[in-house]
Amino acid sequence: MLHKLGIGKIYAFNINGIIIKEDFEKYDFLTQELAQITNPDNRRITLKEAMAGADIFVGVSAPNLVSEEMVKSMNPKSIVFAMANPEPEITYEKAKAAGAFIIGTGRSDYPNQINNLLAFPGLFRGALDARASKITEEMKIAASRGLASLISDAELSPDLIIPSAFDERVAKTVAKAVFDEAKRAGLSRI
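Let me begin by describing the structure that accompanies this report. Remember, predicted model here, so these are calculated numbers, not experimental data.

1. Quick look at the pattern of salt bridges
Charged atoms that come close allow side chains of opposite charge to pair. Inspection of every chain in the model, using the stated rule, returns 12 salt bridges. Linking Lys-140 and Glu-137 is a salt bridge whose minimum nitrogen-to-oxygen distance equals 3.1 Å. Taken together, the positions of Lys-140 and Glu-137, both in helix H6 (residues 137-149) and three residues apart, correspond to about one turn of that helix. A relative accessible area of 31% means that Lys-140 is categorised as partly exposed. With relative accessibility at 27%, the residue Glu-137 sits in the partly exposed group. With a closest N to O distance of 2.7 Å, Asp-167 and Arg-169 form a salt bridge. The network of salt bridges with common partners includes Glu-22, Asp-23, Lys-26 and Arg-44.

What follows is the structure, given as structure tokens:
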């Protein structure tokens with residue numbers, strides 16, 4: 001999905017470090033998929049090295065893996081989505097102090113809570129309403145664009161890039177976006 005959105009170079013890490021094509025046979029099938037679409041230069045680097053000059057960090061792993069130094073090494077106006085919950089890869093306060101421009105966490109007590117609750121009810125509702133034969137990357141992208149549409153240009157700020165999970169418009173807006181994409185793609189069976 002990130003590739004389809006135009007994100008270029010993506011490095012993925014697991015508990016053992018960077019995912020790299022030369023270790024393909026050691027991985028389970030999901031990690032093998034990641035090995036095929038990430039780390040295009042087949043570099044054996046650390047997370048610290050990968051973050052130097054990066055625009056975005058997306059963490060879905062374990063607490064305290066990212067330091068302020070690592071965030072400081074990122075490009076200006078960096079985005080840090082530290083979503084390990086309840087303890088993120090780096091705290092909101094440390095990421096902010098290190099200069100991250102936009103910070104999202106999996107926690108509800110900080111701005112920009114990133115939660116699968118924002119996508120899944122609406123994604124499934126839209127697919128079911130369309131009687132879609134499958135869920136595609138384009139339908140997921142439509143869901144994300146539907147979410148983004150709920151924040152107006154006037155409201156948009158580093159601390160408000162995504163609606164609250166309690167925003168009653170979320171599921172309906174996402175469902176409509178997914179439904180419309182399923183129809184557009186010819187995947188609807190109604």
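2. Notes on the sheet that holds strand E3 (residues 56-59)
Here three strands make up an open sheet; going across it, the order is E3-E4-E5 and the pairing parallel. Strands at the two margins of the open sheet, each flanked by one partner only, are E3 and strand E5 (102-105). In this sheet, adjacent strand axes meet at a mean angle of 5 degrees when their direction is disregarded. Pairing analysis gives four bridges linking strand E4 (residues 79-82) to E5, with the strands arranged parallel. Looking at the pairing, Ala-82 lines up with Thr-105 of E5.

3. Focus on helix H1 (residues 29-37)
Looking at H1, one finds that the buried residues are Thr-31, Gln-32 and Ala-35. End-on, the buried residues of H1 take up no more than an arc of 105 degrees, which puts them together on one face. Turned more than 90 degrees off the buried face of H1, the exposed positions are Phe-29, Leu-30 and Gln-36. Considering only its buried residues, H1 is in contact with strand E1 (13-14). Looking one or two residues beyond H1, the residue adopting positive phi is Asn-39, at roughly 50 degrees.

The rules behind these values
Residues numbered from 1 in each chain as written. Predicted model: local features only at pLDDT ≥ 70, side-chain atom pairs only at ≥ 80, totals over all residues. Heavy atoms only, no water. Salt bridge = Lys/Arg side-chain N within 4 Å of Asp/Glu carboxyl O. Helix = DSSP H or I, 4+ residues; strand = E, 2+ residues; numbered from the N terminus. Buried < 20%, exposed > 50% of the residue type's maximum accessible area, 1.4 Å probe, protein only. Pairing = 2+ DSSP bridges. Axes fitted to C-alpha atoms, helices over the stretch in contact; angles between N-to-C directions. Arc of directions from axis to C-beta. Contact = heavy atoms within 4.5 Å.

Any functional reading would require information that these geometric values do not contain.
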